[in-house]
Amino acid sequence: MPRNPQEIKPPETASRIAEACTRCGTCVRRCAFLNKYGMPGDIARQVLTGDSTVDPYECSLCNLCAAVCPEGLAPGDLFLDRRRLAADQGLVDFKPYAQLLGYEKLGHSRLFAWYPPTPAKTVFFPGCTLPGTRPRITWKFFEALRECEPTTAMVLDCCHKPSHDLGRQSYFLDQFRDIRDRLLALGVERIVVACPNCHKVFRKYGDGLTVATVYEVLAQDQARITDKTALASPRTTVQITVHDPCPLRDQVGVHQAVRALLAARGYGIREMRDSGARTLCCGEGGAVGFKNPALAATWIEKRRAQAQGDRIITYCAGCTGFLDRAAPTSHLGDVLFEPEKAMRGRSQAAKTPMTYWNRLWLKRRLIRDA
Ligand code: SF4
Ligand code: SF4
């Protein structure tokens, strides 16, 4: 948090929001953070006059406000800008995020990262959390992708979204440039991700690379997947609901692919009130839980209420962990490959320190396979 928010230069985004916000309250009614702090127009004016005491590290950076604002404003950008300015000026105490930043650093280290030894046009980039919590499901996704495109290789690394969201922009840009350069040097043209955060980072900063989700590839190529990696169905029709992760709120093709995979296996999908472009944060966004766990829990509770007792299926390992604290939640990978276990709530998601061992296990397997 900024030691002294008044020291922060007013970000440019503040002027536009201060001028154009009509105080209609549409975003405030939906957002746990704005509910606490008030209208974006008022906050922006306070920022411009140096009177704002709003902590930008309590915003989930989920962009729901932008999705619902009739004036086309994006208040979340104001808070990301505020984070960046505060971080640039050395006003942020990153101690509360030490665990998160350590996780990110290890993910990019020589010990944990893995790049294939030979050139590859398409790589599966599963991120950190899915391989850490579900290494075998990650491998099954990889096998299924190779059924669709046999030359697909796998890369293990961290996309550095935590630093991006914490406002450490120059550090993030340096680290991500390194990842992108290594991929381009390998001849990579297409990244297939499992994590919505990686998707958002590659979409925005992955110049020269196209990005797709593993869910889209599998939905398109379901017929080509053989018994070896068969995507399984539950024995009986089960009603579930889907939580769309907020970094993918504007990716309609991904929403449709996920629903197509579920519908093809006989799941009955009941949509929550806020889904697709208007989906809610799961509570993990913006690393708010490290700063204000009660505020993060408000988002989780909103989701629990909207699920109305149905099992929530989501396609982000982070969202799965957060939502499962309050409502039965499964990762789509568990549901596709081990439906009976998933529907009984028996899927195994490893916890720290096993998440680190699991990523090393996966890397060993890739070395053997190379
Ligand atoms: S929805 Fe837009 S115009 Fe309405 S209060 Fe929010 S930022 Fe202002
Ligand atoms: S980005 Fe999300 S948490 Fe932040 S102000 Fe917008 S809706 Fe609220």
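Sequence order as written defines the numbering, with residues in each chain counted from 1. Chain letters start at A and ligand numbers start at 1, both assigned in the order the entries are written. With pLDDT at 70 or above as the cut-off, local features in this predicted model cover only qualifying residues; side-chain atom pairs require 80 or more to be listed or tallied, and sums for whole chains, interfaces and linings still use all residues. Side-chain measures were taken over the full set of non-hydrogen atoms in the model, leaving aside hydrogen atoms and water.

1. Remarks on the domain arrangement of the chain
At step 1: Partitioning the chain into domains gives domain 1 (5–88), domain 2 (100–225 + 352–369) and domain 3 (231–343).
At step 2: For domain 2 and domain 3, the distance between their C-alpha centres works out to 21 Å.
At step 3: A contact between two residues is defined here by any heavy atoms of the two lying within 4.5 Å. The interface is formed by 24 residues belonging to domain 2 together with 29 residues belonging to domain 3.
At step 4: Computed with a 1.4 Å rolling probe, the buried area is the accessible surface lost when two parts are put together, summed over both parts. Note on domain 2 versus domain 3: buried area summed over both sides is about 2,100 Å², and carbon and sulfur give 72% of it. Note that the domain bounds reflect an automated or database-derived domain assignment.

2. Brief notes about the nonpolar core
At step 1: Buried Ala, Val, Leu, Ile, Met, Phe, Trp, Tyr and Cys residues form a nonpolar core when they are joined through side-chain atoms within 4.5 Å. Using a 1.4 Å probe on the protein chains alone, a residue whose accessible area is under 20% of its type maximum counts as buried, one over 50% counts as exposed, and one in between counts as partly exposed. Formed by 37 residues in total, the largest nonpolar core has its most connected members in Phe124, Phe141, Val214, Tyr215, Leu218, Leu262 and Leu332.
At step 2: Only α9 (135–148), α13 (214–220), β5 (239–243), α14 (252–264), α18 (332–337) and α20 (354–369) provide two or more residues apiece to this core.
At step 3: A domain-level breakdown of this core finds at least three residues from each of domain 2 (100–225 + 352–369) and domain 3 (231–343).
At step 4: Look past the residues within four positions of Tyr215 in its chain and what remains in contact with it is Phe141, Ala194, Ala257, Val258, Leu261, Tyr315, His331 and Leu332.
At step 5: Counting residues in each nonpolar core, the second largest holds 33 residues, with Ile17, Cys59, Val68 and Leu295 among its members. The numbering of helices and of strands both runs from the N terminus, where a helix is a DSSP run of H or I of at least 4 residues and a strand a run of E of at least 2.

3. Overview of the site of ligand 1
At step 1: Near ligand 1, the surroundings consist of 13 residues, among which Cys21, Cys24, Gly25, Cys27 and Cys69 are the closest.
At step 2: Classifying every residue of the shell around ligand 1 by side-chain character gives eight nonpolar, three polar and two charged. The near set for a molecule or strand comprises every residue that places at least one heavy atom within 4 Å of it. Any residue outside Ala, Val, Leu, Ile, Met, Phe, Trp, Tyr, Cys, Pro, Asp, Glu, Lys and Arg is labelled polar, Gly included; the first ten of those are nonpolar and the last four are charged.

4. With respect to helix α16 (residues 293–307)
At step 1: Expected span, for any helix, means 1.5 Å times one less than how many residues it has. Taking 1.5 Å of rise per residue, 15 residues should cover 21 Å, and α16 covers 21 Å from first to last C-alpha, within 8% of that figure.
At step 2: Where α16 is concerned, the buried positions are Leu295, Ala296, Trp299, Ile300, Arg303, Gln306 and Ala307. Buried residues of α16, seen end-on, are gathered within an arc of 155° and therefore sit on one face of the element. Seen from the open side of α16, the exposed residues pointing more than 90 degrees away from its buried face are Pro293 and Ala294.
At step 3: Positive backbone phi, approximately 50°, marks Gln308, located one or two places after α16. This arc describes the spread of directions from the helix axis toward the C-beta atoms.

5. A look at the packing of aromatic side chains
At step 1: Any pair of Phe, Tyr and Trp rings, taking the six-membered ring for Trp, is counted once the centres come within 6.5 Å. Such a pair is stacked with planes under 30 degrees apart, edge-to-face with planes over 60 apart, and tilted for the rest. For the structure on display, the rule yields 17 aromatic pairs.
At step 2: Relative to Tyr97, the ring of Tyr57 lies with its centre 6.1 Å away and its plane at 40°, an arrangement referred to as tilted. You can see Tyr57 sitting in the loop between α4 (40–49) and α5 (64–68) and its partner Tyr97 sitting in the loop between α6 (75–88) and α7 (98–107), a full 40 residues away along the chain. Of the two residues, Tyr57 and Tyr97, both sit in the buried class.
At step 3: Geometrically, the ring pair formed by Phe172 and Tyr205 is edge-to-face, given 4.8 Å between the ring centres and 70° between the ring planes.

6. Considerations on the sheet that holds strand β4 (residues 210–213)
At step 1: Pairs of strands are assigned from DSSP output, requiring at least two bridges between the strands. Read from one edge to the other, the open sheet built from four strands follows the order β2-β1-β3-β4, with strand pairing classed as parallel. Of all the strands in the sheet, the pair left with one neighbour each is β2 (153–154) and β4.
At step 2: Under this scheme, a helix contributes an axis fitted over its contacting stretch, all axes are lines through C-alpha atoms, and angles between N-to-C directions fall in the 0 to 180 degree range. Relative to the sheet, helix α12 (residues 196–205) contacts β1 (122–125), β3 (190–193) and β4, its axis offset from that of β4 by approximately 160°.

7. Brief notes about the packing of α9 against α20
At step 1: As a packed pair, α9 and α20 sit with axes 9 Å apart at the nearest point and diverge in direction by 35°. Here the hand of the crossing between α9 and α20 comes out right-handed. On α20, the residues touching Pro135, Arg136, Thr138, Trp139, Phe142 and Arg146 of α9 are Asn358, Trp361, Leu362, Arg365, Leu366 and Asp369. Two helices crossing with the near one rotated counterclockwise from the far one by less than a right angle form a left-handed crossing, whereas a clockwise rotation gives a right-handed crossing.

8. Observations regarding the environment of Thr152
At step 1: Positionally, Thr152 belongs in the loop between α9 and β2.
At step 2: Classification of Thr152 as buried rests on a relative accessible area of 6%.
At step 3: Taking the C-alpha atoms as reference points, Thr152 and Val252, separated by 100 residues in sequence, lie 25 Å from one another.
At step 4: Once residues within four sequence positions are removed from consideration, Thr152 is found in contact with Thr122, Val123, Phe124, Phe142, Leu145 and Arg146.

9. Side note on the pattern of salt bridges
At step 1: The salt bridge definition used is simple: a Lys or Arg side-chain nitrogen within 4 Å of an Asp or Glu carboxyl oxygen. Counted by the stated rule, this structure contains 19 salt bridges.
At step 2: Across the pair Arg259 and Asp244 runs a salt bridge, and its minimum N-O distance is 2.8 Å. Residue Arg259 is found in helix α14, and its partner Asp244 is found in the loop between β5 and α14; the two are separated by 15 residues along the sequence.
At step 3: Assessed through its relative accessible area of 0%, Asp244 is described here as buried.
At step 4: On the basis of relative accessibility, which here comes to 15%, the residue Arg259 falls in the buried class.
At step 5: One salt-bridge network, in which partners are shared between bridges, spans Arg23, Asp42 and Arg45.

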